[in-house]
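# Secondary and tertiary structure notes
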2 protein chains.
Amino acid sequence: MVLCDIGNSYLHFYYNGRVWKVQAERLERDEALLPMYYVSVSQKKTKYLLEIFPEAINLTPYMLLDTAYIGLGADRIAACKGVSDGVIVDAGSAITIDVMQDNMHLGGCILPGLVMYGKMYRAISSVLGGELNLAIEFNAFPQNTRDALSYGALKSIVLTIESIAKNKKLYFTGGDGKFLARFFAGAIQDDSLVFKGMLRTIAEQKGGGR
Amino acid sequence: MVLCDIGNSYLHFYYNGRVWKVQAERLERDEALLPMYYVSVSQKKTKYLLEIFPEAINLTPYMLLDTAYIGLGADRIAACKGVSDGVIVDAGSAITIDVMQDNMHLGGCILPGLVMYGKMYRAISSVLGGELNLAIEFNAFPQNTRDALSYGALKSIVLTIESIAKNKKLYFTGGDGKFLARFFAGAIQDDSLVFKGMLRTIAEQKGGGR
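Once a new chain begins, its residue numbering starts again from 1 and follows that chain's sequence as written. Chains carry letters from A onward and ligands carry numbers from 1 onward, assigned in written order. Local features are withheld for residues below a pLDDT of 70 in this predicted model, meaning they are given only at 70 or higher, and side-chain atom pairs are given and counted only at 80 or more; totals for whole chains, interfaces and linings count all residues. Processing note: side-chain calculations cover all non-hydrogen atoms of the structure and skip hydrogens and water entirely.

### With respect to the nonpolar core
The test is simple: Among the buried residues, those of types Ala, Val, Leu, Ile, Met, Phe, Trp, Tyr and Cys that are joined through side-chain atoms within 4.5 Å form a nonpolar core. Throughout this description, buried means an accessible area under 20% of the type-specific maximum (1.4 Å probe, protein chains only), exposed means over 50%, and partly exposed covers the range between. An automatic or database domain assignment supplies the residue ranges for each domain. It only takes one pair of heavy atoms within 4.5 Å for two residues to be counted as in contact.
Ile97(A), Tyr117(A), Ile97(B) and Tyr117(B) are the most contacted members of the largest nonpolar core, which totals 116 residues. The residues that make up this core include at least three from each of domain 1 (1–58) and domain 2 (75–210) of chain A. Ignoring any residue separated from it by four or fewer positions in sequence, one finds Ile97(B) in contact with Arg76(B), Val87(B), Ile88(B), Val89(B), Gly107(B), Gly108(B), Cys109(B), Leu111(B), Thr160(B), Ile161(B) and Ile164(B).

What follows is the structure, encoded as structure tokens:
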């Protein structure tokens, strides 16, 4: 059984503890990847998957989470299902921050992904172009444009996660999850958080006799 | 005497305490606006100004600030020159945050402007489109996508300003300066901070016998 998490940039796959990503346009048919279950936040990328794997099953209708949030993405539901108490940070094209307490979702917020900050700066002015300095230190104020941009992006992301997490356990996933986890002592980094929630959903369904 | 602050989006003018903005493409010749002094962060927009007002004088070479920062924009230098001790937030297409102490510039950082967050979210996914909710409250976690995006953008900006300002006096300027100042008790909002620094520079030059 293969799981697929369709994001805004990539299709992420999971098989037997192994995780990998593929560009939607480069997807190729492989019978060994069946049966396949998926969740998606992109209708456009889902079309690519279903053209190559028409038998893939959408898990979203079976993903139940105790929440008052309207419009919570299937990937966020899945990641939250894997954590009964804690704060889940999924850092990809967007950075989502969700709060779980006693298996209940208390709400969450969204920041642009790290890559998007770079793009946004370039869109404001060509003077603000170039790669961010991800090794920036927070213990001194920046003394040049590149550091000023990097400090702004990173510090604002880290402070927002801190303010939401307070003393709760932090779980990081997504492409930049490993990088961001380094700013938080005791944080857990888990590439397969979304997939664990999907597996739990499948187990619940089977347990329920479906 | 008229002053002009050329930003990435608009040309901002100052005359006798009055401040107004014009799109570069809509600028029209008016002899009453002479003599004119300008600072600029956009070569492209500067061309528009100099086509209509070729006699306008660039103040940048005369703007001296005690700083180790390399590449500090002329508008930031001007705004900093108006504040001997405090933190200056200029909130336009970009949000710049600069720290002054005993007339010395200690460094600064840059965040995307509020409008850019909206653009950035839309670029990630059409699901994340729409106007931000600028009336968002920070006392509860967001329960829908629009609030989650608004909370992310605003909270991250406010926390970054707070962390840099600590107990220092805060000065807000720029198009979103008035809006952001509301989040900080005792903050000063001043549309003409950049122009005050330009006036100070001109006075210094005259005092120096130029």
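### Here we look at the pattern of salt bridges
All names here are of chain A. The following threshold applies: Salt bridges are defined by distance alone: a side-chain nitrogen of Lys or Arg within 4 Å of a carboxyl oxygen of Asp or Glu.
Counted under the stated rule, the structure contains 14 salt bridges over all chains. In this structure, Lys 196 and Asp 190 form a salt bridge, with 2.6 Å as the shortest nitrogen-oxygen distance. When its relative accessible area of 41% is taken as the criterion, Lys 196 is described as partly exposed. The exposure class of Asp 190 is buried, given its relative accessible area of 13%. One connected set of salt bridges, linked through shared partners, spans Arg 29, Glu 31 and Glu 55.

### Regarding the packing of aromatic side chains
Aromatic ring pairs: the centre-centre distance and the angle between the two ring planes describe each pair. Under the convention used in this document: The rule is short: rings of Phe, Tyr and Trp, with Trp giving its six-membered ring, pair when the centres are within 6.5 Å, and they are stacked under 30 degrees, edge-to-face over 60, tilted in between. Elements are defined by DSSP. Helices are runs of H or I of four residues or more, strands are runs of E of two residues or more, and each kind is numbered from the N terminus.
Going through the model one piece at a time under the given rule, you end up with 13 aromatic pairs over all chains. Relative to Phe195(A), the ring of Tyr14(A) lies with its centre 5.2 Å away and its plane at 25°, an arrangement referred to as stacked. Of this pair, Tyr14(A) sits in strand S2 (residues 11–15) while Phe195(A) sits in helix H6 (residues 193–207); the two residues are 181 residues apart in sequence, bridging distant segments of the chain. A single burial state applies to Tyr14(A) and to Phe195(A), both of which are buried. With a centroid separation of 5.6 Å and 20° between ring planes, the pair formed by Phe13(B) and Trp20(B) is classed as stacked. Residue Phe13(B) is classed as buried on the basis of its relative accessible area, which comes to 1%.

### Regarding the interface of chain A and chain B
How we decide: When two components associate, each loses some accessible surface as probed by a 1.4 Å sphere; the sum of these losses over both components is called the buried area.
On the chain B side, the residues contacting the 41 residues of chain A number 41 residues. Buried area between chain A and chain B, summed over both chains or domains, comes out near 3,200 Å², and the portion from carbon and sulfur atoms is 69%. Three residues stand out in chain A for area buried against chain B, namely Ile124(A), Phe141(A) and Gln143(A), and they jointly supply 19% of the buried area on that side. For the pair chain A and chain B, the interface holds zero salt bridges.

### Notes on the sheet that holds strand S7 (residues 86–91) of chain A
Residues and elements named next belong to chain A. We count it as follows: Strands are treated as partners if at least two bridges between them are detected by DSSP.
As summarised here, the arrangement of the six strands in space is S6-S9-S8-S7-S10-S11, forming an open sheet in which the pairing is mixed. Of all strands in the sheet, those with a lone pairing partner are strand S6 (66–67) and strand S11 (188–189), marking the two edges. Relative to strand S10 (residues 170–173), S7 is paired through four bridges, and the arrangement is parallel. Residue pairing for S10: Val 87 is matched across the bridge by Leu 170.

### A closer look at the packing of helix H3 (residues 114–124) of chain A against helix H3 (residues 114–124) of chain B
Helix-helix packing is characterised by the crossing angle of the two axes and by the distance between the axes. Applicable threshold: Here an axis means a line fitted to C-alpha atoms, over the contact stretch when the element is a helix, while the angle between two N-to-C directions is reported on a 0 to 180 degree scale. Here is the rule for angles: anything less than 35 degrees is roughly parallel, anything more than 145 is roughly antiparallel, 65 through 115 is roughly perpendicular, and the remaining ranges are oblique. Here is the rule for handedness: rotate from the far helix to the near one, and if that takes an anticlockwise turn smaller than a right angle the crossing is left-handed, while a clockwise turn gives right-handed.
Where H3(A) contacts H3(B), the axes come no closer than 10 Å and their chain directions differ by 125°. The orientation of H3(A) relative to H3(B) falls into the category oblique. H3(A) and H3(B) meet at a crossing whose hand is right-handed. Contact residues: Met116(A), Tyr117(A), Met120(A), Ala123(A) and Ile124(A) in H3(A); Met116(B), Tyr117(B), Met120(B), Ala123(B) and Ile124(B) in H3(B).

### Thoughts on the relation of the copies chain A and chain B
Copy one and copy two of the chain differ by a rotation about an axis and a translation along that axis. So the rule is basically this: The copies were overlaid by least squares, fitting only the C-alpha atoms of residues that reach a pLDDT of 70 or more in each copy.
Mapping chain A onto chain B calls for a screw motion: a turn of 180° about the axis and a shift of 0.0 Å along it, with 0.0 Å RMSD after fitting. In the structure described here, the two chain copies are related by an operation that fits a two-fold rotation axis. By C-alpha distance to the rotation axis, the residue of chain A lying nearest is Ser156(A), at 2.4 Å. Mapped onto chain B, 100% of the interface residues of chain A are again interface residues, and the two copies thus contact each other with one and the same surface.

### Remarks on the domain arrangement of chain A
Residue and element names in this part refer to chain A. Short version of the rule: Here a polar contact is taken to be a pair of N or O atoms separated by no more than 3.5 Å, where protein atoms must pair a possible hydrogen donor with a possible acceptor and residues adjacent in sequence count only if both atoms sit in side chains.
Along its sequence, chain A is carved into domain 1 (1–58) and domain 2 (75–210). Summarising the inter-unit geometry, the C-alpha centres of domain 1 and domain 2 are found 22 Å apart. Taken together, the two surfaces of domain 1 and domain 2 that pack against each other cover about 1,000 Å², and 79% of this comes from carbon and sulfur. Among the residues of domain 1 in contact with domain 2, Leu 3, Asp 5 and Tyr 14 are the three that bury the most area, contributing 40% of the side total. Where domain 1 touches domain 2, the interface holds zero salt bridges. There are one residue pair in polar contact (both at pLDDT 80 or more) connecting domain 1 and domain 2.

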